[in-house]
There are 2 protein chains.
Amino acid sequence: MVSIVSVAKVAGVSNKTVSRVINGEPYVTEETRERVEKAIRDLGYVPNMAARQIRSSRSNTFGIITDYVSTTPYSVDIVRGIQDWANANGKTILMANTGGVSEREAEIWKTFQSHRIDGVLYVTMYHRIVDPETGNVGIPTVMINCRPQTNELFPSIEPDDYQGAQDLTRYLLEKGHRRIGYIRLNPILLGAEMRLDAFRQTTWEFGVSESDLSIRLGMEGPVGAEKNYVFEAATELLQQKDRPTAIMSGNDEMAIQIYIAALTLGLRIPQDLSIVGFDDFRTVSMALKPELTTAALPYYDLGFEGAKWLNGLLSDAMIRPSSRVVPCKLVERASVCRTQ
Amino acid sequence: MVSIVSVAKVAGVSNKTVSRVINGEPYVTEETRERVEKAIRDLGYVPNMAARQIRSSRSNTFGIITDYVSTTPYSVDIVRGIQDWANANGKTILMANTGGVSEREAEIWKTFQSHRIDGVLYVTMYHRIVDPETGNVGIPTVMINCRPQTNELFPSIEPDDYQGAQDLTRYLLEKGHRRIGYIRLNPILLGAEMRLDAFRQTTWEFGVSESDLSIRLGMEGPVGAEKNYVFEAATELLQQKDRPTAIMSGNDEMAIQIYIAALTLGLRIPQDLSIVGFDDFRTVSMALKPELTTAALPYYDLGFEGAKWLNGLLSDAMIRPSSRVVPCKLVERASVCRTQ
DNA sequence: TTGTAGGCGTTATCAG
DNA sequence: CTGATAACGCCTACAA
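Calculation notes
- Residues numbered from 1 in each chain as written.
- Chains lettered and ligands numbered in written order.
- Predicted model: local features only at pLDDT ≥ 70, side-chain atom pairs only at ≥ 80, totals over all residues.
- Heavy atoms only, no water.
- Helix = DSSP H or I, 4+ residues; strand = E, 2+ residues; numbered from the N terminus.
- Rg over C-alpha atoms; globule rule 2.2 N^0.38 Å.
- Buried < 20%, exposed > 50% of the residue type's maximum accessible area, 1.4 Å probe, protein only.
- Contact = heavy atoms within 4.5 Å.
- Areas by Shrake-Rupley, 256 points an atom, 1.4 Å probe, with all protein chains shown as cover.
- Lys, Arg positive; Asp, Glu negative; His and termini not counted.
- Charge placed at Lys NZ, Arg CZ, Asp CG, Glu CD.
- Near = heavy atom within 4 Å.
- Polar contact = N/O pair within 3.5 Å; in protein donor to acceptor, adjacent residues only side chain to side chain.
- Nonpolar A, V, L, I, M, F, W, Y, C, P; charged D, E, K, R; others polar.
- Phe/Tyr/Trp six-rings, centres within 6.5 Å; stacked < 30°, edge-to-face > 60°.
- Lys NZ or Arg CZ within 6 Å of the ring centre and 35° of its normal.
- 1 Å grid on protein atoms, 1.4 Å probe; cavity = no way out; pocket = protein on both sides within 12 Å on 5 of 7 lines; lining within 4 Å.
- Points joined across faces, edges and corners; volume = space filled by probe spheres on them.
- Salt bridge = Lys/Arg side-chain N within 4 Å of Asp/Glu carboxyl O.
- UniProt positions renumbered as here; feature names shortened; annotations may be inferred.
- Domains from an automatic or database assignment.
- Axes fitted to C-alpha atoms, helices over the stretch in contact; angles between N-to-C directions.
- Parallel < 35°, antiparallel > 145°, perpendicular 65-115°, else oblique.
- Left-handed = near helix turned anticlockwise from the far one by under 90°.
- Pairing = 2+ DSSP bridges.

Per an unreviewed UniProt entry, chain A is named Transcriptional regulator, LacI family, and its organism is Rhizobium multihospitium.

Structural data, given as structure tokens:
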């Protein structure tokens, strides 16, 4: 492999001068610089990061730990956000996936140490509380889309499920809806409770009576193998004497079944039934007809901001655990209309 | 940072002996080994990959280049497959995303060189023909879910869209369906033509007359901003005098709209209309009611096998470009019934 | 403005 | 079985 020495030889300078050129340091004649650059091009020289790192003990690398990539593919946007930030700031990304196995997690932290990773982004694919098995390696870490349970060591950045559900509920209320159905997310998801709380609180603030609210459980059980009651729940809801004029769905995916239930009963969307989702999982929300009004989970921003934050922690060294929240933007499409 | 030297000092041996223990080399007394291992534990020593690499000029790292992660989230399973193989074989994964920008791609290859990556997995998120901007860096590469156009340099591994569509078509035919609708995938996707060909060929082999086939375009235009005709096409198809008894959908996502169109027209699935999808994008195929019969794109296997293959190439050094294909397994659910 | 000497943490070589 | 010493490619410190 061609190294700095061969370049130096070809350019007829010392290796230190080559190093200067590579790193854009001052005090190099324009003429020397050009000669070196030519040699670099001619030889196809590319600096060796490993060697560089060994001297400077900074790897300029971030590690990403994810859990279940496959069951919830949407949240890969978090990773995209991280990558974009990393790319724009000259960082490299090392990726590892636990698959939910905690021994595996410990190994990963070891591997990260081995690579002298500067910092770790601990990413979960759905919003939840976790207990990372760091093995106490002391690498600065930011948690994304999750929050530490027992240990308060790490800062975290999460979507604002509460505000998102609040905005959606208000949106429905402002469109005149009062009899509203709610089909709940799997309770093991952190968002489930926050969204429901927001729904309850907001309808209460608007003076909607409890009896106008029909709240049903849509799913439960372990992620990836959950029991699914959405279709039945929606069907039952819509067969009530005073059926709701709108249904709020735990998420977009569940909204598919609500559409199907409504259409099967001969109801038109949105004229007879308004529906809102949550997540803005576009493969679904834009495939539904009419397209689904929903609240967008800020996955990309979570990743981008998380990476930025982590980088800040590295220089500041004041890694106070704290929690940040990113808003969920309401995406207005065509699945809601004003009550007639 | 604690290095091999400190370990050696504590264990009262030379650094080379420590190295031997770490790498599981023979010719170390059991007793010495234990003393060294104790020192490693006590000091919390973790080997420095960068230093190791600098000596052995093998990074044990694979790079993954992806294109548009976000628009097609399902195919992240490819990445999971790669990670699982890498994990089981002690390789590290460096990840980068082009976002479809080719200058970015060139940079990525440079970065990979910088890290002395052993090999590259070039992954696209949908099945297509590509023209990688390698900058001719000569890193062994396997292309996954895509195929090189102009240059024949790299081996590739792809899903067998033809066989998948063939199986689905046969399945419908064996259930007695003869009047069959087909809603086509975006033609810029490589799978579009292969799937349609299989459909045409297989129906022909079964002696189905052309006039019983209704083929419509479902989508077109650039990925991420395509025009969507699925709902209208399905509606039109189902309003024909002799409407099809089954519709084959370009993919699962498009099947959502076919469901909605059918239900809106008062048709029951599958009694009045059978539907099959393609991809087995489970967030959709299992959310639809009745659940969707489809052909599973073997994303995980593509990744896993691709990584394995790449590794083989590294030792064999006979990187003959060739193309491999992985079958798409038919997943039978509840959206098809026998014609009455 | 440029060059020299030394060392980062490993592993390879070869001698003991 | 074990150890001393050199070398990998780069950067820091210092000297010229």
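Now, onward.
**Q** Explain the overall build of chain A to me, and be specific about the residues and the numbers.
**A** The number of helices and strands found in chain A is 12 helices and 14 strands. For chain A, the C-alpha radius of gyration of 26 Å lies well beyond 20 Å, the compact-globule estimate for 340 residues. Dimensions of chain A, computed from the C-alpha atoms along their principal axes, are close to 90 × 40 × 35 Å. Taken across its 340 residues, chain A has 56% of its residues classed as buried. Nonlocal contacts in chain A, meaning residues at least 24 apart in sequence, comprise 71% of its contacts between residues at least 6 apart. Carbon and sulfur atoms form 49% of the exposed surface of chain A, whose accessible area is close to 14300 Å². Computed over 37 positive and 41 negative side-chain charges, the inter-centroid distance for chain A is 5 Å.

**Q** Which residues make up the protein's contact with DNA strand C, and what are the values?
**A** What surrounds DNA strand C is a group of 26 residues, the closest being T17(A), T29(A), T32(A), R55(A) and R55(B). Each atom of DNA strand C within 4 Å of the protein was classed as base or backbone; sugar and phosphate made up 54%. Measuring from a phosphate oxygen of DNA strand C, one finds a side-chain N or O atom of T32(A) at 2.4 Å. Secondary-structure elements contributing two or more residues to the surface near DNA strand C are α2 (15-22) and α4 (49-56) of chain A together with α2 (15-22) and α4 (49-56) of chain B. A per-class count over the surface near DNA strand C returns 11 nonpolar, nine polar and six charged.

**Q** If you had to explain the packing of aromatic side chains to someone new, which residues and values would you point to?
**A** For any pair of aromatic rings, geometry is given as the distance between the ring centres together with the angle between the planes. Using the criterion set out here, one finds seven aromatic pairs over all chains in the structure. On the basis of an interplanar angle of 35° and a centroid distance of 4.7 Å, the ring pair of Y182(A) and F199(A) is categorised as tilted. Of this pair, Y182(A) sits in strand β6 (residues 180-184) while F199(A) is found in helix α8 (residues 190-205), placing the two residues 17 residues apart along the sequence. Judged on exposure class, the residue Y182(A) and its partner F199(A) are both buried. Taking 6.0 Å as the distance between ring centres and 85° as the angle between the ring planes, the aromatic pair formed by F281(A) and F281(B) counts as edge-to-face. In this pair, F281(A) sits in the loop between β11 (274-276) and α11 (282-285) while F281(B) sits in the loop between β11 (274-276) and α11 (282-285), so the two residues belong to two different chains. For F281(A), a relative accessible area of 6% corresponds to the buried category. Geometry around Y126(A) places R128(A) over its ring, the cationic atom sitting 5.3 Å from the centre.

**Q** I'd like a rundown of empty space enclosed by the protein, residues and numbers included.
**A** This model, assessed by the stated rule, comprises two cavities of 30 Å³ or more. One number sums up the size of the largest cavity: a volume of about 190 Å³. For the largest cavity, the lining is made up of 13 residues, of which Q53(A), H115(A), Q53(B), T61(B) and H115(B) are closest to its centre. If you list the elements that add at least two residues to the lining of the largest cavity, you get α4 of chain A together with α4 of chain B. Here the residues of the lining of the largest cavity are counted per class, giving six nonpolar, seven polar and no charged.

**Q** Tell me what's going on with helix α9 (residues 230-238) of chain B, and back it up with residues and numbers.
**A** What α9(B) keeps buried is the set V230(B), A233(B), A234(B), T235(B), L237(B) and L238(B). Structurally, α9(B) contributes buried residues whose contacts are with β6 (180-184), β7 (213-217), β8 (219-220), β9 (227-228), β10 (246-249) and α10 (252-264) of chain B.

**Q** Provide a residue-level description of the interface of chain A and chain B, including the pertinent values.
**A** Chain A puts 48 residues into the contact, and the matching count from chain B is 48 residues. Our count for the chain A to chain B interface comes out at zero salt bridges. For the pair chain A and chain B, the interface holds 12 residue pairs in polar contact (both at pLDDT 80 or more). Elements supplying a minimum of two residues to the side of chain A that touches chain B: α4, α5 (76-88), β2 (92-97), α6 (102-114), α10 (252-264) and α11 of chain A. Ranked by the residues each element gives to the side of chain A that touches chain B, the list is headed by α10(A), at seven residues. In terms of residue class, the side of chain A that touches chain B is built from 25 nonpolar, 15 polar and eight charged.

**Q** Pulling in residues and values, what's your account of the UniProt feature "domain: HTH lacI-type" (unreviewed entry) in chain A?
**A** As annotated by UniProt and renumbered to match this structure, "domain: HTH lacI-type" (unreviewed entry) occupies residues 2-56 of chain A. Taken end to end, residues 2-56 of chain A is 69% helix and 0% strand, and its first and last C-alpha atoms sit 21 Å apart.

**Q** Account for the domain arrangement of chain A, naming residues and giving values.
**A** Segmentation of chain A into domains returns domain 1 (2-46), domain 2 (59-158 + 298-325) and domain 3 (160-295). Centre-to-centre, using C-alpha coordinates, domain 1 of chain A lies 37 Å away from domain 2 of chain A.

**Q** So, the packing of helix α9 (residues 230-238) of chain A against α10(A): which residues are in play, and what are the values?
**A** Residues and elements named next belong to chain A. Two elements in contact, α9 and α10, have axes separated by 8 Å at closest approach and are oriented at 45°. The angle between the axes of α9 and α10 places the two elements in the oblique class. The crossing of α9 and α10 is right-handed. Contacts between α9 and α10 pair V230, F231, A234, T235 and L238 from the former with M254, Q257, I258, I260, A261 and A262 from the latter.

**Q** Could you give an account of the sheet that holds β10(B), naming the residues involved and the relevant values?
**A** All names here are of chain B. If you walk across this open sheet you meet the four strands as β7-β6-β10-β11, and the pairing is parallel. Both outer strands of the open sheet, β7 and β11, are each paired with one neighbouring strand and no more. The mean angle between the axes of side-by-side strands here comes to 15°, regardless of whether they run parallel or antiparallel. In this structure, β6 lies alongside β7, joined through five bridges in parallel fashion. The residue bridging G181 from the neighbouring strand is S214, located in β7. In this fold helix α8 (residues 190-205) packs onto β6, β7 and β10, with an angle of close to 165° to the strand it touches most, β6. The sheet strands contacting α9 are β6, β7 and β10, and the helix crosses β6 at an angle near 165°.

**Q** A description of the protein's contact with DNA strand D should follow, citing residues and the corresponding values.
**A** In the vicinity of DNA strand D, 24 residues are found, and the nearest of them are I4(A), K16(A), Y45(A), T29(B) and T32(B). Taking all atoms of DNA strand D within 4 Å of the protein, the share assigned to sugar and phosphate is 59%. Take Y45(A): an N or O atom from its side chain is 2.5 Å from a phosphate oxygen of DNA strand D. In this structure, N48(A) approaches DNA strand D through a main-chain N or O atom, which is 3.0 Å from a phosphate oxygen. Among the secondary structure elements, those contributing two or more residues to the surface near DNA strand D are α2 and α4 of chain A together with α2 and α4 of chain B. Looking at the surface near DNA strand D, the element that brings in the most residues is α4(A), giving four residues.

**Q** Would you mind going over unusual backbone geometry in detail, with residue names and values included?
**A** Residue and element names in this part refer to chain A. A cis amide bond links I269 with the next residue in sequence, P270, at an omega value of 5°. By secondary structure assignment, the location of P270 is in the loop between α10 and β11. Positive phi, normally seen in glycine, also occurs at R116, with a value near 50°. Along the chain, the position of R116 falls in the loop between α6 and β3 (119-130). The phi dihedral of D279 is positive, around 115°, even though this residue is not glycine. Inspection of the secondary structure assignment puts D279 in the loop between β11 and α11.

**Q** Outline the sheet that holds strand β7 (residues 213-217) of chain A, listing residues and values.
**A** Residue and element names in this part refer to chain A. One open sheet holds the four strands; their spatial order is β7-β6-β10-β11, and the pairing between them is parallel. Both outer strands of the open sheet, β7 and β11, are each paired with one neighbouring strand and no more. Between one strand axis and the next, the sheet turns by 15° as a mean value, whatever way the strands run. Together, β6, β7 and β10 (246-249) form the strand contacts of α8, whose direction differs from that of β6 by roughly 165°. Against the sheet, α9 touches β6, β7 and β10, its axis set at about 165° to β6.

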